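Per-entry structural report
What follows is the residue order along each chain.
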Amino acid sequence: MAMRRGWFILLLVAAMGHAESVSSPDGRITVAVTLNDAGAPRYSVTFGEIAVVSDSALGLSFADAPDLVSGFEIASAETRSADSTWEQPWGERRTVRDHYNELALTLAAASPERELVIRIRAHDDGVGLRYEVPEQPAYEALVVTDELTEFRMPSDARAWWIPGRGWNRYEFHYTESVVTDLTLAHTPATFRLADGVHVSLHEAALVDYPAYVLEQRGFGALKTNLTPWSNGDLARVNAPFATPWRTIHLAADATGLINSDLLLNLNAPNALGDVSWVRPGKYVGIWWEMHLDIATWGSGDRHGATTENAKRYIDFAANHGFDGVLVEGWNTGWDGDWTANGSVFSFTEASEDFDIEAVAGYALERGVRLIGHHETSGHVSNYESQLDDALDLYERLGVTQIKTGYVANGGDLQVEDDSGELRREWHDGQFAVGHFIRVLEAAAKRGISINTHEPVKDTGLRRTYPNWITREGARGQEYNAAWAEPNALNHNATLVYTRFLSGPMDFTPGIFDLMHQGSDATRRVQSTLAHQLALYVVFYSPVQMAADLPQNYLARPEAFQFIKDVPADWEESIAIAGSVGEYLVQTRRERAGDDWFLGGITDGTAREVRVSLGFLSPDTRYEAQLYADGADAHWQSAPYEMALSTREVTAGETLSLRMAPGGGVAVRFRRLPAGDE
Ligand code: NOJ
Ligand code: CA
């Protein structure tokens, strides 16, 4: 039956000149696929009248099987529509609508006989496209030697990107350039076309396949370049298989990219069942003091992870309403150059001055949880060999969240194969993609959530594995410490339109001592205090750190109040105004509550932004608690100058938000009870 229907459609398609297309439900986005004279599929994407991707290649080639590149006819073209809503256990919004039109093209070639399915979903906020290789003779134990997918962008598009395949993984400053100057770039990469249309290229549901980076092939023709295994294989697959979705987010303006659920919608639903044990929250930890070089991860006089210091942090957390206390450097293996010591870390043996049982127990007594830490320094085999024991220990101690780390240069994850030989793999190759998921699954069995540092990029897998609670994967706050050149003034206002489009980030906001090496030092945090507060709203993560030392919070109790009040889990989120690399105003409503929060950040330029409060509930009075840059505030000369004020507001009003150079603004809108005077 399906076969006969396929042939019928084939006739129809032949009559139409080998062109098939699918449009988004609102009709604005259209993806068209044609076969060229060689029977090779080509596709294009338009947004309204604008050509976003033109005449671009598709296809896969293999080492020991015939290529799925050309010689095709369209055997069938099936369309389908779907419209459903689903609920996130935690997230930027509770309910997500998944509404799309789909086209599944089956391409068939004769001699040798072979088939390839190209599945395309057109949503109102962008496109997902993936390959499906059906089970068929000669397509077992395949090695992919190339993926041809191209995105031919208009050559005058602006691009914001970080280098792909670099030594520092994803931890780079962003380059803003014309698209033709992009060489090799990670995704998500963001583009602005001449008419203001914004585009983000990325991928969704990266499972059992390598990540891709974008490779310039000339004049804005960007091609997928799959991250290889150490022996040069790109992907090792077995038909039937599907590749991750190649995604093209589209929006009429910059904030439209943020107000999108495309990635999550293209991921499979929760595979873990009841995940009520995955808990969003805020945490503090023995962390920043090592980055400031006040304390050390390794043993000795300045060891940070002592029982006593941990109890001090636990008391601070309990007194100020934090949920967790991270302790780094608690285990053996940190002495010497820990970045090169991956093979000697123990994940079960605590250092002598850290009584892990006592600390974990004390935390529970005080209503706080110890947050675990596993730094691997990239020696994945050493970690995998101890993984079960390490997770069992934390489970027994009541630990429900672990931060992992993979500090090693790009391409330098160490993996011993069965013969004991050491291979070196990429953080975003197929090996690492599998490793991160193995850790998640092992952790899920014990009710533990994972926050991965030096991870593979996020592709929305938190939908399938809700215990992948957050991750790093960008230049975070740590670069504002003692050991690095600080983040550029426009870095945060770039991250929100690039890295954050892929999912939550453990940026670790909230540094209050902005000039930790003195006011003349160049190594410092290049922002105002109000900007640090705003990051709790602007940067999405279901677990947010208050990264600074307790004493620095106690020294500024008024500003600290905002960190205590702001939640980490949301009912809804709306990006209101902004421009890539310049500024963003973001609002969010707390989960299961009526308070709204607003965060605004700017780059090195002062701005005044007028914001309509139409997002608030109608006919309701709110007390707006404003944490704004003071009149003379400036990230460099007067970063602490903050103007605190409160006023009553309603949805009909407009608020004028003034941000200083390097500044920001944070607002809590507290719903006032009806009738309250
Ligand atoms: C790098 C992580 O990003 C950082 O947060 C951590 O403190 C160090 N690795 C040590 O694990
Ligand atoms: Ca890092």
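Structural notes, computed from the coordinates. This is a predicted model, so every value here is computed, not measured.

This part takes up the overall build of the protein chain. Along the backbone of the protein chain there are 12 helices and 38 strands. Seen through its C-alpha atoms, the protein chain measures out along the principal axes to roughly 75 × 65 × 45 Å. Counting every position in the protein chain, which comprises 677 residues, the buried fraction comes to 63%. Taking contacts inside the protein chain between residues at least 6 apart in sequence as the whole, the part at least 24 apart equals 70%. By element, 47% of the accessible surface of the protein chain is carried by carbon and sulfur atoms, the whole surface being about 24000 Å². Positive and negative charge centroids in the protein chain, built from 56 and 94 side chains respectively, lie 3 Å apart.

Quick look at the site of ligand 1 now. Surveying the vicinity of ligand 1 reveals 14 residues, the closest of which are His-291, Glu-328, Glu-375, Lys-403 and His-453. Taking Glu-478, its side chain carries an N or O atom lying 2.9 Å from an oxygen atom of ligand 1. Residue composition of the shell around ligand 1, by class: 5 nonpolar, 3 polar and 6 charged.

Glancing now at the nonpolar core. Among the nonpolar cores identified, the biggest contains 179 residues, and Tyr-43, Phe-62, Met-153, Phe-191, Val-199, Leu-201 and Ile-248 are the most heavily contacted of them. Top element by residues in this core is helix α8 (residues 430-444). It accounts for 10 residues. Both of domain 1 (2-265) and domain 2 (281-566) provide at least three residues apiece to this core. Look past the residues within four positions of Ile-248 in its chain and what remains in contact with it is Tyr-43, Val-45, Val-53, Asp-125, Gly-126, Val-127, Phe-151, Val-199, Ser-200, Leu-201 and Leu-262. Core analysis: the second largest hydrophobic core is formed by 22 residues, Tyr-583, Trp-596, Leu-613 and Val-665 among them.

Of the consecutive residues Ser-111 and Pro-112, the connecting peptide bond is found in the cis state with omega at -10°. A cis amide bond links Ala-239 with the next residue in sequence, Pro-240, at an omega value of 0°. One can find Pro-240 in the loop between β19 (235-237) and β20 (241-242). Its identity is not glycine, yet Ala-205 carries a phi of approximately 60°, on the positive side. Along the polypeptide, Ala-205 turns up in the loop between β16 (198-204) and β17 (212-216). According to the relative accessible area criterion, Ala-205 is buried, its value standing at 18%.

Looking at the calcium ion (ligand 2), the protein donor atoms are Glu-171 (OE), Glu-454 (OE), Glu-472 (OE), Glu-472 (OE) and Glu-478 (OE), and they sit 2.3 to 2.6 Å from it. In this structure, the calcium ion (ligand 2) is surrounded by 6 donor atoms whose angles at the metal cover 52 to 155°, and the resulting shape is irregular. The motif formed by the donor residues of the calcium ion (ligand 2), counted along the single chain, is E-x282-E-x17-E-x5-E. Separated by 18 residues along the polypeptide, Glu-454 in the loop between β28 (449-452) and β29 (468-471) and Glu-472 in the loop between β29 and α9 (491-495) bring together distant segments of the chain. Its relative accessible area of 5% is what places Glu-454 among the buried residues. Note on Glu-472: relative accessible area 2%, which makes it buried.

Turning next to the sheet that holds strand β36 (residues 642-649). What the 6 strands build is an open sheet, ordered β31-β32-β33-β38-β35-β36; its pairing is antiparallel. Two strands close off the open sheet at either side, each with one partner strand: β31 (570-579) and β36. Along the sheet, successive strands turn relative to each other by an average axial angle of 15°, direction set aside. Inspection of the sheet shows β31 paired to strand β32 (residues 583-590) by 8 bridges, in the antiparallel sense. If you follow Glu-572 over to β32, its bridge partner there is Arg-589. Contacting β31, β32, β33 (596-602), β35 (622-629), β36 and β38 (664-671), helix α10 (residues 529-538) runs over the sheet at an angle of about 125° to β33. Across the face of the sheet, helix α12 (residues 557-565) comes into contact with β33, β35, β36 and β38 while running at roughly 125° to β35.

This paragraph deals with the packing of aromatic side chains. Overall, the coordinates contain 29 aromatic pairs when judged by the stated rule. The interplanar angle of 85° and the centroid separation of 6.5 Å between the aromatic rings of Trp-167 and Phe-172 together place this pair among those described as edge-to-face. Overall, the relative accessible area of 15% leaves Phe-172 in the buried class. The interplanar angle of 70° and the centroid separation of 5.9 Å between the aromatic rings of Trp-570 and Phe-597 together place this pair among those described as edge-to-face. One end of the pair, Trp-570, is in strand β31; the other, Phe-597, is in strand β33, with 27 residues separating them in the sequence. Trp-570 gets classed as buried once you look at its relative accessible area, which sits at 2%. Through successive ring pairs, a cluster of aromatic residues spans Trp-297, Trp-334, Trp-338, Phe-345, Phe-347, Tyr-383, Tyr-406, Phe-436 and Trp-468.

It helps to recall that an α-helix has 3.6 residues per turn; residues three or four apart then point in one direction. Taken residue by residue, α12 has Ala-559, Phe-560, Phe-562 and Ile-563 as its buried positions. Looking straight down α12, one finds its buried side chains confined to an arc of 145°; they lie on one side.

So, about the sheet that holds strand β11 (residues 150-152). What the 4 strands build is an open sheet, ordered β11-β18-β17-β14; its pairing is antiparallel. Looking at the sheet topology across the chains shown, the edges are occupied by β11 and β14 (184-185). Where β11 lies against strand β18 (residues 221-226), 3 bridges are found, and the strand directions are antiparallel. Residue pairing across strands places Phe-151 opposite Leu-222, the latter belonging to β18.

By the secondary structure assignment, Leu-264 is in helix α3 (residues 262-265). For Leu-264, a relative accessible area of 3% corresponds to the buried category. Excluding its chain neighbours within four sequence positions, the residues that come into contact with Leu-264 are Trp-86, Gln-88, Gly-460, Arg-462 and Arg-463.

Residue position: Thr-498 is located in the loop between α9 and α10. At 2.8 Å, the side chain of Thr-498 forms a polar contact with the backbone oxygen of Thr-494. Non-local contacts of Thr-498, meaning those with residues more than four positions away in its chain, are made with Trp-160, Tyr-174, Pro-188 and Thr-190.

This brings us to the pairing of β17. Consecutive side chains along a regular strand alternate between the two faces of the sheet. With 4 of 5 residues buried, β17 lies mostly within the body of the structure. Direction of pairing for β17 relative to β18: antiparallel, over a ladder of 5 bridges. Residue Gln-216 lies in a different strand from β18, and its bridge partner there is Leu-222. Hairpin connection from β17 to β18: 4 residues lie between these consecutive antiparallel strands, with Gly-218 at a positive phi of about 110°.

Cut-offs used in this document
- Residues numbered from 1 in each chain as written.
- Chains lettered and ligands numbered in written order.
- Predicted model: local features only at pLDDT ≥ 70, side-chain atom pairs only at ≥ 80, totals over all residues.
- Heavy atoms only, no water.
- Helix = DSSP H or I, 4+ residues; strand = E, 2+ residues; numbered from the N terminus.
- Buried < 20%, exposed > 50% of the residue type's maximum accessible area, 1.4 Å probe, protein only.
- Contact = heavy atoms within 4.5 Å.
- Areas by Shrake-Rupley, 256 points an atom, 1.4 Å probe, with all protein chains shown as cover.
- Lys, Arg positive; Asp, Glu negative; His and termini not counted.
- Charge placed at Lys NZ, Arg CZ, Asp CG, Glu CD.
- Near = heavy atom within 4 Å.
- Polar contact = N/O pair within 3.5 Å; in protein donor to acceptor, adjacent residues only side chain to side chain.
- Nonpolar A, V, L, I, M, F, W, Y, C, P; charged D, E, K, R; others polar.
- Core = buried A, V, L, I, M, F, W, Y, C linked by side-chain atoms within 4.5 Å.
- Domains from an automatic or database assignment.
- Donors = N, O, S within 2.8 Å, 3.2 Å for Na, K, Ca; no water.
- Tetrahedral: all angles 85-135°; square planar, octahedral: opposite > 155°, others 65-115°.
- Pairing = 2+ DSSP bridges.
- Axes fitted to C-alpha atoms, helices over the stretch in contact; angles between N-to-C directions.
- Phe/Tyr/Trp six-rings, centres within 6.5 Å; stacked < 30°, edge-to-face > 60°.
- Arc of directions from axis to C-beta.

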